[in-house]
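# Architecture and fold: a report
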Amino acid sequence: MNKTFKLYGLIFIIVMAVLALLELSKSEVTDWRKNFDVTEKSPFGLYVFSQEVDHLLNGKVKRTDLSPYDFYKTQKLKPHNILIIESKPDSESWNKILESVANGSDAMVIGGEFE
């Protein structure tokens, strides 16, 4: 083999070893985007909240995928707490939520954009 080919091969191996060491020693980057996703373990993710909320509130949490309009159409509830995360309810749903708040419930809305 040619001496220059061996030299280039040795330089390539050294560069790859240095890159591998740098890759192994870098710290993990934290994702600070506001995603409010129950499956994300990032600072704004709700994974821990989703796992612990039943224990913290003694199992009194009722989760639903229904719109507030459909939920309140089928259920008549005494005053309760409403938590809406990253959802954009339609105007009829907002009316049902506000009606429930007027009857003594508390509402908390977490989101990035409001219209």
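Residues numbered from 1 in each chain as written. Predicted model: local features only at pLDDT ≥ 70, side-chain atom pairs only at ≥ 80, totals over all residues. Heavy atoms only, no water.

## Observations concerning the overall build of the chain
Just so we agree on the cut-off: Put simply, DSSP marks the helices as runs of H or I at least four residues long and the strands as runs of E at least two long, and each gets a number from the N terminus on. Restricting the calculation to C-alpha atoms gives the radius of gyration, and the globule rule supplies 2.2 Å times the number of residues raised to the power 0.38. Using a 1.4 Å probe on the protein chains alone, a residue whose accessible area is under 20% of its type maximum counts as buried, one over 50% counts as exposed, and one in between counts as partly exposed.
Per the secondary structure count, the chain includes four helices and two strands. Secondary structure elements of the chain occur, N-terminal to C-terminal, as α-α-α-β-α-β. Computed over the C-alpha atoms, the radius of gyration of the chain is 26 Å, more than 25% above the 13 Å expected from 2.2 N^0.38 for a compact globule of 115 residues. Taken along its principal axes, the extent of the C-alpha atoms in the chain is 85 × 35 × 20 Å. For the chain, with 115 residues in total, the buried portion stands at 15%.

## Re the pattern of salt bridges
How we decide: We count a salt bridge whenever a side-chain nitrogen from Lys or Arg sits within 4 Å of a carboxyl oxygen from Asp or Glu.
What the rule picks out here adds up to four salt bridges. For the salt bridge of Lys-26 with Glu-23, the shortest nitrogen-to-oxygen distance reads 3.4 Å. Classification of Lys-26 by relative accessible area gives exposed; the value is 55%. For Arg-63, the salt bridge is made with Asp-54, and the minimal N-O distance between the two is 3.4 Å.

## Observations regarding a nonpolar patch on the surface
What counts is decided by this rule: What makes a patch is a set of residues exposed beyond 30% relative accessible area and free of salt bridges, joined within 9 Å when like-charged and within 5 Å when nonpolar (Val, Leu, Ile, Met, Phe, Trp, Tyr). Each accessible area is a Shrake-Rupley estimate made with a 1.4 Å probe; only the visible protein chains count as cover when residues are assessed.
A cluster of nonpolar residues, Leu-7, Tyr-8, Leu-10, Ile-11, Phe-12, Ile-13, Ile-14, Val-15, Met-16, Val-18, Leu-19 and Leu-22, forms a patch on the protein surface that exposes about 1,200 Å² of accessible area. One can find Ile-14 in helix α1 (residues 3-25).

## Description of the confidence of the model for the chain
Convention followed: Note on scores: pLDDT gives the predictor's confidence for each residue, bounded by 0 and 100.
On average, residues of the chain score 86 in pLDDT, and 97% of them reach the 70 mark or higher. Across the chain, element-level confidence peaks in α1 with a mean pLDDT of 92 and bottoms out in helix α3 (residues 68-74) with 84.

## A look at the environment of Asn-81
Position of Asn-81 among the secondary structure elements: in strand β1 (residues 81-85). What makes Asn-81 exposed here is its relative accessible area of 63%. Residues Asn-81 and Val-29 lie 52 residues apart in sequence; the distance between their C-alpha atoms is 36 Å.

## As for unusual backbone geometry
A negative phi angle is the norm for most residues apart from glycine, just as the trans form is the norm for most peptide bonds. The phi torsion at Phe-36 lies on the positive side, around 50°, for a residue other than glycine. Topologically, Phe-36 is positioned in the loop between α1 and α2 (47-56). Backbone geometry at Asn-58 places phi at a positive 55°, although glycine is not the residue there. With respect to the element layout, Asn-58 can be found in the loop between α2 and α3.

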